[in-house]
Amino acid sequence: MSALDIFFQQIINGLTLGIIYAMIALGYTMVYGIAQLINFAHGEIFMVGAYLGLTIYLAIQGFAFGPAGLVILVPLIFIFTMLGCSALGALVEQTAYRPLHNAPRLAPLITAIGVSFLLQNAVMLLYGPQDKYFPNLIPIHRFSFGAVTFTNLQMIIAAAALILMGLLNLVIMHTRTGKAMRALAEDRQAAYLMGIPVNRVITQTFVIGSAMAGAGGLMFGMYYNTINFHDGYLAGLKAFTAAVLGGIGNIPGALIGGILIGVLEGLGAGYLSSEWKNVFAFFILILILLFRPQGLLGTRVVKKL
Amino acid sequence: MKSKAARRRKILKVLRPYRPFLWLVLAISIPFLDSNPYHIDVMASAGIFVLLALGLNVIVGYAGILNLGFAAFFAVGAYAYALLNLHWNIPFWPGLIFSAFTGSLFGVLLATPAIRLSGDYLAIVTLGAGEIVRIALNNLDPLTGGPNGLLGIDHPTLPFMAYDFGVNSEPYYFLTLALITVVIFFMRRIENSRLGRAWGALREDELVAGFMGIDPIWAKLSAFALGGFVAGLAGSLFAAKQGSVSPDSFDFILSVMVLAMVVLGGLGNIYGVILGAVLLSILPEFLRGFEIYRMLLFGLSMILVMLFRPQGLLGDLYQSGEFSTRGGKQ
């Protein structure tokens, strides 16, 4: 492979990974923008999404007939996984965060860590501590341009992510709920005084963010074919980094941050060793924050007296 | 005529200033009451966590800066002593001092470029730095021994007495206790000093603190330096007790656990922080009977404590400011 081939190959791999990070980062950034809360358990929702997708697939694979069934089967798995994760996200919000709305700022951070332990260990007890095989939901085709290859799965992941993000954009820009979310992000007190049901909107934010993370988990399982109850931790960390990189609270920023972290990681793995790739991603993050503290797309918040 | 209850209250009131000494006496007597070496080992490890939590408390509790990479400070201290000892045969006591200053230096070096960032952005930089340190330790094989770490680090010896600490937990328990006592003594002093009050003002409102003549950069750097100093102490103690160090011991989970100890116990309250550290380090041992459900119950208990005591077990310091109610910020 020539140097250029390696470069393009790593870009393609990094893009796929970055899209998955972006799916998680969206939830972080939305929850932060609206509730000023770092939802540390978000990575675990992503991990649960992968396991839930696998479980649903194993439960309904018998009903599908042949390749034509896939067109129905795969979207169905996506929908049910997202619904399940939404329910879980809402449950977590109601039990672990809502009672702490007026508590000191670090209190929900600690319950989030508790939820994280709880979910990880619940999944470990249910599915066992070893890696789980995630079967190919669709037959894999490889396309190659010279030495650079990509698969139909990568294209499907990208397409699904774009569709979901398009839907998210519709919800946020063109529905009443979305309008309420934007109002809350801008000024919670004022939104409350205007009659916006603050608690309900926060729950809706968790529901939407968790659905995106669940879909991301399913994509992760389909892409890597193995899942483990530990996967949520590192992916969550990277996605959080991506959200900050793009400008936390900023939705297009989460997409750009995710893709950037994914591509940087891909290039780091291709040119440095795979051990150093994480250093590379964090190093770039620190550099960007030092020169642009509000993130790539974030707006500088002027402190008011 | 005085009632019995009133007399008892009076005795308690007289004893109040001596309460720390009573706790110290209790802590010293634990190994004599319970000679189970395993229990003492758990207590010695808990002591190292107490030191770590006290160090992090300076940064998060006093200065109000969220730090998600405190494991790196601990790692720097541990590796500083390990390398000094293995390459130049420096004994433990000078190594302890040197590690503490190395931890301090690391804190300042990390904070200097990052200090201008606010709140959560600073937190994410500390998180990134924590990961970078761990991965670097894992991959700089010639210096740090890579994933295997460094082995054969000398245990402390008492000078003039030819006493080697060896692998027994008891002497480490007493040494840790002594260090904790000294650290608490200085923390209490600093809490009420000009610097401590500057941190308090900064935590409550940085802008106003600036108008009052406090230099925020200087105050924040001091917090990182002091936090790093205590973490360095804890690190070298850890390295000396284990006789070995490896990058695995300094992962993100450790940073999170120490933070949980500080917040759970009560931000900024020394005794709360100690309580949080002791509880969270011995709770998993108590839950051992539940075997595989252990970590599940551990997570559950963290959630429940926070739901019932959002200000932490012994915390009541914070009424407003960076880490207080979110409503207060608007």
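What counts and what doesn't
Residues numbered from 1 in each chain as written. Chains lettered and ligands numbered in written order. Predicted model: local features only at pLDDT ≥ 70, side-chain atom pairs only at ≥ 80, totals over all residues. Heavy atoms only, no water. Domains from an automatic or database assignment. Contact = heavy atoms within 4.5 Å. Buried area = accessible area lost by both parts, 1.4 Å probe. Salt bridge = Lys/Arg side-chain N within 4 Å of Asp/Glu carboxyl O. Helix = DSSP H or I, 4+ residues; strand = E, 2+ residues; numbered from the N terminus. Expected span 1.5 Å × (residues − 1). Buried < 20%, exposed > 50% of the residue type's maximum accessible area, 1.4 Å probe, protein only. Polar contact = N/O pair within 3.5 Å; in protein donor to acceptor, adjacent residues only side chain to side chain. Phe/Tyr/Trp six-rings, centres within 6.5 Å; stacked < 30°, edge-to-face > 60°. Axes fitted to C-alpha atoms, helices over the stretch in contact; angles between N-to-C directions. Parallel < 35°, antiparallel > 145°, perpendicular 65-115°, else oblique. Left-handed = near helix turned anticlockwise from the far one by under 90°. Patch = residues over 30% accessible without salt bridge, like charges linked within 9 Å, V, L, I, M, F, W, Y side chains within 5 Å. Areas by Shrake-Rupley, 256 points an atom, 1.4 Å probe, with all protein chains shown as cover. Nonpolar A, V, L, I, M, F, W, Y, C, P; charged D, E, K, R; others polar.

Attention now goes to the domain arrangement of chain B. By a widely used convention, the size of an interface equals the accessible area lost when the partners come together. Residues and elements named next belong to chain B. Along its sequence, chain B is organised into domain 1 (55-250) and domain 2 (253-315). When each unit is reduced to the centre of its C-alpha atoms, the spacing between domain 1 and domain 2 is 21 Å. Between domain 1 and domain 2, the contact holds 18 residues from the first and 12 residues from the second. In this assembly, domain 1 packs against domain 2 so that about 1100 Å² is buried in total across both faces, 77% of it on carbon and sulfur atoms. Inspection of the region where domain 1 meets domain 2 yields zero salt bridges.

Another point: helix α2 (residues 42-60) of chain A. An ideal rise of 1.5 Å per residue puts 27 Å on 19 residues; α2(A) measures up with 27 Å between its terminal C-alpha atoms. Most of α2(A) is tucked away: 15 of the 19 residues are buried.

So, on to helix α11 (residues 216-242) of chain B. Residues lying three or four places apart along an α-helix face the same way, a consequence of the helix completing one turn every 3.6 residues. Residue and element names in this part refer to chain B. An ideal rise of 1.5 Å per residue puts 39 Å on 27 residues; α11 measures up with 38 Å between its terminal C-alpha atoms. Counted residue by residue, α11 has 20 buried out of 27 residues, so it is predominantly covered. Of the residues flanking the start of α11, the one acting as N-cap is D215, its side-chain oxygen 3.2 Å from the backbone nitrogen of I217. Looking at the residues trailing α11, positive phi occurs at G243, about 80°.

All names here are of chain B. For the coordinates displayed, the defined rule picks out 27 aromatic pairs over all chains. Centre to centre, the rings of F238 and F250 are 6.0 Å apart; their planes meet at 75°, and the pair counts as edge-to-face. Separated by 12 residues along the polypeptide, F238 in helix α11 and F250 in the loop between α11 and α12 (252-265) bring together distant segments of the chain. Look at F238 and you get buried, because its relative accessible area is 15%. With relative accessibility at 3%, the residue F250 sits in the buried group.

Another point: the interface of chain A and chain B. Every contact between the two is made by 50 residues of chain A and, on the other side, 48 residues of chain B. For the pair chain A and chain B, the summed buried area comes to about 4700 Å², and 76% of that belongs to carbon and sulfur atoms. Counting across the interface, chain A meets chain B through zero salt bridges. Put simply, chain A and chain B have zero residue pairs in polar contact (both at pLDDT 80 or more) between them. Sorting the residues of the side of chain A that touches chain B by element identifies α1 (3-35), α3 (66-97), α4 (107-127), α7 (188-193), α9 (231-246) and α11 (277-291) of chain A as the ones contributing at least two each.

Residue and element names in this part refer to chain B. At a minimum axis distance of 8 Å, the contact between helix α4 (residues 70-88) and helix α5 (residues 92-114) shows a crossing angle of 140°. When the axis of α4 is compared with that of α5, the two are oblique. The interaxial crossing formed by α4 with α5 has right-handed handedness. Residues A72, F73, V76, G77, A80, Y81 and L84 of α4 touch α5, and the partners they reach there are F92, G95, F98, S99, T102, G103, F106, G107 and L110.

This paragraph deals with a nonpolar patch on the surface. On the surface, A:V71, A:I72, A:L76, A:I79, A:F80 and A:L83 cluster together to form a nonpolar patch covering roughly 590 Å² of accessible area. Along the polypeptide, A:V71 turns up in helix α3.

What follows is about the environment of A:F78. Residue and element names in this part refer to chain A. Here F78 shows up in helix α3. For F78, a relative accessible area of 11% puts it in the buried group. Considered as a pair, F78 and L255 are 177 residues apart in the sequence and their alpha carbons are 20 Å apart. Dropping the residues within four chain positions of it, F78 is found in contact with A215, L218, M219 and M222.

Below, the discussion takes up the packing of α1(A) against helix α6 (residues 176-186) of chain A. Residue and element names in this part refer to chain A. Two elements in contact, α1 and α6, have axes whose closest approach is 7 Å; the angle formed by their N-to-C orientations is 60°. Relative to α6, α1 is oriented oblique. Here M30, G33 and I34 of α1 come into contact with α6, specifically with M181, L184 and A185. Of the residues that constitute the contact of α1 with α6, the class distribution is five nonpolar, one polar and no charged.

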